[in-house]
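Geometric and topological summary
Listed below, chain by chain, are the residues.
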Amino acid sequence: MYWKKYSRQKIRDVVFEAIGKNLNYRDSPPIGLPASYLDPKVFYSDAPFLSEAPFMSTMVANPNHIGCHTMGDSEPVFSGTQAIERELIEICATQIFGAESDAVDGYVASGGTEANIQAFWVLRNYFIQELGAAHDEIAMVYSSDAHYSMPKGVNLLNIKSIVAQVDEETRLIDLIKLKESLTQAKASGVKYFIVVMNMSTTMFGSVDDMEGAIDLFHSMSLNFKIHVDGAYGGFIYPFSAKDVLYSFQNEHVFSFSLDAHKMLLSPYGTGIVLIRKGYIDYAMTQEANYVKGKDYTLIGSRSGANAVAIWMILRAYGSEGWTAKIAELLDRTDWLCEQLSKRGIVYFRHPKMNIVTMKPDMIDKALAEKYFLVPDDHDSPAWWKIVVMDHVTEGVLDHFLLDLDKSITNA
Ligand SMILES: *Cc1c(COP(=O)(O)O)cnc(C)c1O
């Protein structure tokens, strides 16, 4: 894994050069394209700070990245910032997820939800168009700890779902029970499976057992493709674990979703979807005639500034800087776990992730509320989680532990 770290100056230069290659609405006003600069009364383009603010400048320049820019034709008037998006997708595909160069298509989606649904949409249409599948012959398989965008996708795409139960302690899918469900599904006519593997669940930071799942589907001779939900862990797990199964080196992995607006601390609207080349055509909307190069995405119009924001963060750290940052967060998580163990608090934690999810017995509700701990269920919490991010410093955790000690003594 390697991509170069850029200086502030270099980042600024690259982004301003890209904006310069796009159509400038002020110099050459387009009269057909329904695009323009932002309202000049509210977002004035001569604000003095803009010359040192590449992201804000891209916002004000307002490029529309409608469509997919890793394949086919694209709207030429935004070619400058589209090239930044292409580089971003290539870094994620090749350096984070081990793809060969130019072997993956993708785009910056509104978030992990859209990225997941885009991948499911492509896969569902592939099964229908290439293998003649009927809707009720396709099922999505995901664990009971998976994000709610899976049932959302199942509902929108009108396919079946199989929810795999997990072990209460290890949070791993119970493969024996899953085998029973698959046998039943097969008997009821399901022939094609979209298998979701969590490269970290949102609540536990658990990572699904990819090898166990692949072995099971093979042993039953089922037709399946794997989508990896990396919305939470996509910018963590590949940096803390060397796991080739969770990469494009694994032939069963069809697609990934990532969210830069979680761990990467980029603005909302920065999901990423990556799909093996040759498949995104299954999501092409033939009727998107006014879009140059058609539209292969779920979203339609989207801001080019979002791609620029993610690219800037990745370039500001470089692969080495980001790996070091994740290592530091995991060190702090290790330390927190030691402190909790000393106090007899029971928790789940994947060793390569920065989430600690605690059993509620010794956690006072007022304490949980004071520190904004997140429950698995707001009505009846069975778990409370802590996410060790940048702002969750040892100082903050110290305060939490002191309050925890007080509440334990008072109990
Ligand atoms: C947050 C999350 C999503 C959804 O992402 P949004 O950006 O909120 O749409 C999907 N999967 C996982 C594992 C997540 O943590």
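Residues numbered from 1 in each chain as written. Predicted model: local features only at pLDDT ≥ 70, side-chain atom pairs only at ≥ 80, totals over all residues. Heavy atoms only, no water.

**Looking at the environment of Ser-51**
Tracing the backbone shows Ser-51 in the loop between helix H1 (8–21) and helix H2 (54–61). Since its relative accessible area comes to 38%, Ser-51 is described here as partly exposed. Once residues lying within four places of it in the same chain are set aside, the contact partners of Ser-51 are Arg-12 and Phe-16. One polar contact links the side chain of Ser-51 to the main-chain carbonyl oxygen of Pro-48, over a distance of 3.5 Å. (Helix = DSSP H or I, 4+ residues; strand = E, 2+ residues; numbered from the N terminus. Buried < 20%, exposed > 50% of the residue type's maximum accessible area, 1.4 Å probe, protein only. Contact = heavy atoms within 4.5 Å. Polar contact = N/O pair within 3.5 Å; in protein donor to acceptor, adjacent residues only side chain to side chain.)

**Here we look at the sheet that holds strand E9 (residues 355–358)**
Pairing in this open sheet of four strands is antiparallel, and the strands run E8-E9-E11-E10 from one edge to the other. With partners counted over all chains shown, the strands left at the sheet margins are strand E8 (347–348) and strand E10 (374–375), one partner each. Bridge count for E8 against E9 is two bridges, and the pairing is antiparallel. Bridge pairing in E9 links Phe-348 to Thr-357. Along the sheet, helix H9 (residues 304–342) contacts E8, E9 and strand E11 (384–387); its crossing angle with E9, the most-contacted strand, is approximately 20 degrees. (Pairing = 2+ DSSP bridges. Axes fitted to C-alpha atoms, helices over the stretch in contact; angles between N-to-C directions.)

**Topic: the site of the ligand**
In the neighbourhood of the ligand, 14 residues make up the surrounding shell, with Thr-113, Asp-229, Asp-259, His-261 and Lys-262 lying closest. Contact distances for the ligand include 2.5 Å between an oxygen atom and a side-chain N or O atom of Asp-259. Protein coverage of the free-state accessible area of the ligand, which is 380 Å², stands at 87%. Counting residues per element, the shell around the ligand draws most heavily on helix H4 (residues 112–131), which supplies three residues. Of the residues that constitute the shell around the ligand, the class distribution is two nonpolar, nine polar and three charged. (Near = heavy atom within 4 Å. Areas by Shrake-Rupley, 256 points an atom, 1.4 Å probe, with all protein chains shown as cover. Nonpolar A, V, L, I, M, F, W, Y, C, P; charged D, E, K, R; others polar.)

**A closer look at helix H6 (residues 175–187)**
Helix length check: H6, at 13 residues, gives a terminal C-alpha distance of 18 Å against a target of 18 Å (1.5 Å per residue), a fit within 8%. Along H6, the residues that are buried comprise Leu-178, Leu-182 and Ala-185. What you see down the axis of H6 is that its buried residues fit within an arc of 60 degrees, all on one side. Across from the buried face of H6, at angles greater than 90 degrees, the exposed residues are Ile-176, Gln-184 and Ala-187. Tucked into the core, H6 has its buried residues touching strand E2 (138–143), strand E3 (160–164), strand E4 (192–198) and helix H7 (210–219). Two or three places before Ile-176, at the start of H6, stands the capping residue Asp-174, its side-chain oxygen 3.1 Å from that residue's backbone nitrogen. One or two residues past the end of H6 sits Gly-189, with phi positive at roughly 100 degrees. (Expected span 1.5 Å × (residues − 1). Arc of directions from axis to C-beta.)

**Brief notes about the nonpolar core**
Grouped together as the largest cluster of nonpolar side chains are 95 residues, with contacts concentrated most on Leu-182, Phe-193, Phe-235 and Met-358. Element by element, the count of residues in this core is highest for H9, at 17 residues. In contact with Phe-235, other than residues within four places in its own chain, are Cys-92, Ile-96, Leu-258, Asp-259, Ala-260, Leu-264, Ile-272, Leu-314, Trp-322 and Ile-326. (Core = buried A, V, L, I, M, F, W, Y, C linked by side-chain atoms within 4.5 Å.)

**Some remarks on the sheet that holds E2**
What the seven strands build is an open sheet, ordered E1-E7-E6-E5-E4-E2-E3; its pairing is mixed. Taken across any chain shown, the strands that pair with only one partner, and hence form the sheet edges, are strand E1 (104–109) and E3. Within this sheet the neighbouring strands show an average axis-to-axis angle of 20 degrees, counted without direction. Relative to the sheet, H4 contacts E1, E2, E4, strand E5 (223–230), strand E6 (253–259) and strand E7 (271–276), its axis offset from that of E5 by approximately 170 degrees.

**A short note on empty space enclosed by the protein**
According to the stated counting rule, one finds one cavity of 30 Å³ or more in the structure shown. Of the volumes computed, that of the largest cavity is approximately 40 Å³. Ile-173, Leu-175, Leu-178, Met-197, Asp-209 and Ala-213 are the residues that line the largest cavity. Looking at the lining of the largest cavity residue by residue, the classes come out as five nonpolar, no polar and one charged. (1 Å grid on protein atoms, 1.4 Å probe; cavity = no way out; pocket = protein on both sides within 12 Å on 5 of 7 lines; lining within 4 Å. Points joined across faces, edges and corners; volume = space filled by probe spheres on them.)

**Some points on the packing of aromatic side chains**
Scanning the entire structure with this criterion turns up 18 aromatic pairs. With centroids separated by 6.5 Å and ring planes inclined at 70 degrees, the aromatic side chains of Tyr-25 and Phe-78 adopt a geometry described as edge-to-face. Residue Tyr-25 is located in the loop between H1 and H2, and its partner Phe-78 is located in the loop between H2 and helix H3 (79–96); the two are separated by 53 residues in the primary sequence. By relative accessible area, which is 5% here, Tyr-25 ends up buried. Note on Phe-97 and Phe-256: the rings are 3.9 Å apart at their centroids and 20 degrees apart in plane angle, and the pair reads as stacked. One end of the pair, Phe-97, is in the loop between H3 and E1; the other, Phe-256, is in strand E6, with 159 residues separating them in the sequence. Like Phe-97, the residue Phe-256 is buried in the burial classification. A connected cluster of aromatic rings, assembled from ring pairs, spans Tyr-126, Phe-127, Tyr-192, Phe-254, Tyr-279 and Tyr-282. The side chain of Arg-26 reaches across the aromatic face of Tyr-37, ending 4.0 Å from its centre. For the cation-ring pair, Arg-171 lies above Phe-204, with the distance from its terminal atom to the ring centre recorded as 3.9 Å. (Phe/Tyr/Trp six-rings, centres within 6.5 Å; stacked < 30°, edge-to-face > 60°. Lys NZ or Arg CZ within 6 Å of the ring centre and 35° of its normal.)

**Here we look at the state of the cysteines**
Covalent bonding between the sulfur atoms of two cysteines is what defines a disulfide. Evaluated as defined, the whole model comprises zero disulfides. With no disulfide of its own, Cys-92 lies closest to Cys-68 among cysteine sulfurs, the gap being 14 Å. (Disulfide = S-S within 2.5 Å.)

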